[in-house]
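Each chain, letter by letter, is given below.
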Amino acid sequence: MKYTFAFLFLTISYLQIMAQKKLPVVKANSSKAIFLEEDNGLKTDWNIDPSIKRDVYTTSKISKGSRTVKIKTDIDSIRITVKKGEKKDFVILLKGKDSCLTRIESSVPKDFSNVNPPFHDSIRLGINEQNTMFVKTALNKDSLTLNFDTGSNNLSLTRETLKDKIKEQLKGRVNVLSIGNKKYDGFRIYQVELTGHGTDGRFGWDLFDGMVVEMNYDHGMMVVHSQLPENVKKDKAYEKLEIKYFDKLFFVETTIKQGSQTNKDWFLFDTGYQRTVMLDDPLLKEQNFPTDQMKIIKKVVMKGGQGNEIPVNTVNLESLSLGKYNLKNIPAQLLSESRPVLDKKMNILGNEILKRFNVFLDFQNNVVYIKPNKLFNDGYIEKE
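Residues numbered from 1 in each chain as written. Predicted model: local features only at pLDDT ≥ 70, side-chain atom pairs only at ≥ 80, totals over all residues. Heavy atoms only, no water.

A. Structural view of the pairing of strand 8 (residues 98-105). Counting buried positions along strand 8 yields six of eight residues, so the element is predominantly enclosed. Pairing of strand 4 (residues 55-58) with strand 8, which is carried by four bridges, proceeds in the parallel orientation. When the bridges of strand 8 are listed, Asp-55 appears paired with Thr-102. Where strand 7 (residues 87-94) and strand 8 come together, eight bridges link them in antiparallel fashion. Within strand 8, the position partnered with Lys-88 by the bridge is Ile-104. Where strand 7 folds back onto strand 8 in an antiparallel hairpin, the turn is made up of three residues, including Lys-95, whose phi is positive at roughly 55°. (Buried < 20%, exposed > 50% of the residue type's maximum accessible area, 1.4 Å probe, protein only. Helix = DSSP H or I, 4+ residues; strand = E, 2+ residues; numbered from the N terminus. Pairing = 2+ DSSP bridges.)

B. Local environment of the side chain of Ser-178. Looking at the secondary structure, you find Ser-178 in strand 14 (residues 177-179). Here Ser-178 falls in the buried class, since its relative accessible area comes to 13%. Only 3.2 Å separates the side chain of Ser-178 from the side chain of Lys-183, close enough to count as a polar contact. With residues near it in sequence (within four places) discarded, Ser-178 still touches Thr-137, Ala-138 and Lys-183. (Polar contact = N/O pair within 3.5 Å; in protein donor to acceptor, adjacent residues only side chain to side chain. Contact = heavy atoms within 4.5 Å.)

C. Structural detail: the pattern of salt bridges. One pass over the full model with this rule turns up 16 salt bridges. Among the ionic pairs, Arg-103 bridges to Asp-89, the shortest N-O distance being 2.7 Å. You can see Arg-103 sitting in strand 8 and its partner Asp-89 sitting in strand 7, a full 14 residues away along the chain. Neither Arg-103 nor Asp-89 differs from the other in exposure class; each is buried. (Salt bridge = Lys/Arg side-chain N within 4 Å of Asp/Glu carboxyl O.)

Next up, the structure:
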């Protein structure tokens, strides 16, 4: 019997070695590499460490199809393609001797559509004069007013909130955020200097991953659904926009026009940005969009999330379209210098535009449904 077990052990070990030998191999002399998601341009600096048994890179959420990651070392490169929920291993051979087992994985998609019974959790949604939308919440037992900021993730609280309003210790425990009748956990908590006017902090879209979030400005309600209501698909007034993910951010395709020039690109869907649209001048010039022909309305100084000052020109954008819906003569903010996020230049849709639509954010099928609401034809708010 002892010999049988020994034989089985050797056989299993041999098979494991043989299986590992079949893994793709990329060579490296330096411990530094770059992982590049080819469809969205997300670039990550990677440290090759032989002491880690299996190093794991998790891709941005895949909205449909698959995602290809290019791994580039100082002397070699390889491409790994994964589908939703798929994992693929490969080996980085460092200096010809250290085999570093590495995995590219796409997280398993979340989907609450089969929850029984289904839920439709309604929360009172407020919006103030500064275009900050907010809901009442509780972090553990502490009551907070928070901004639902689709341009962020996890939970961010101001320094003052953490100092004056949080009574319970946050570290070393599972923190629970109560919104409406539902409770959420598994998020990280960050400290920020600034957040939306009149709020204690903000929470991101990823809290609702696998769910459907309705924002109805006509009725002042936010509803978290376990599945998309049937009437939304049947209502032809709703325009369907595909979601594209970049790390922890999501984008929708947007068309802008100035004179005879039209530009179609992916814009960050950011309810936490209180203005209309933020345009990246260097990025648009690369795309031959005539920003120099845009009339300057005024010059302003904005404040970033960490309290930093950003000079911005407010200019007249002749046209912006989301699917079949078009807005004209928009006072847009034009950045003279790019402010890349995760090394990506981007344009941003803000809540002065987004509040004009009743919205369903479908994080199961990775689409956004929009329909004009009572605010659609309102004038634009200019703030100093």
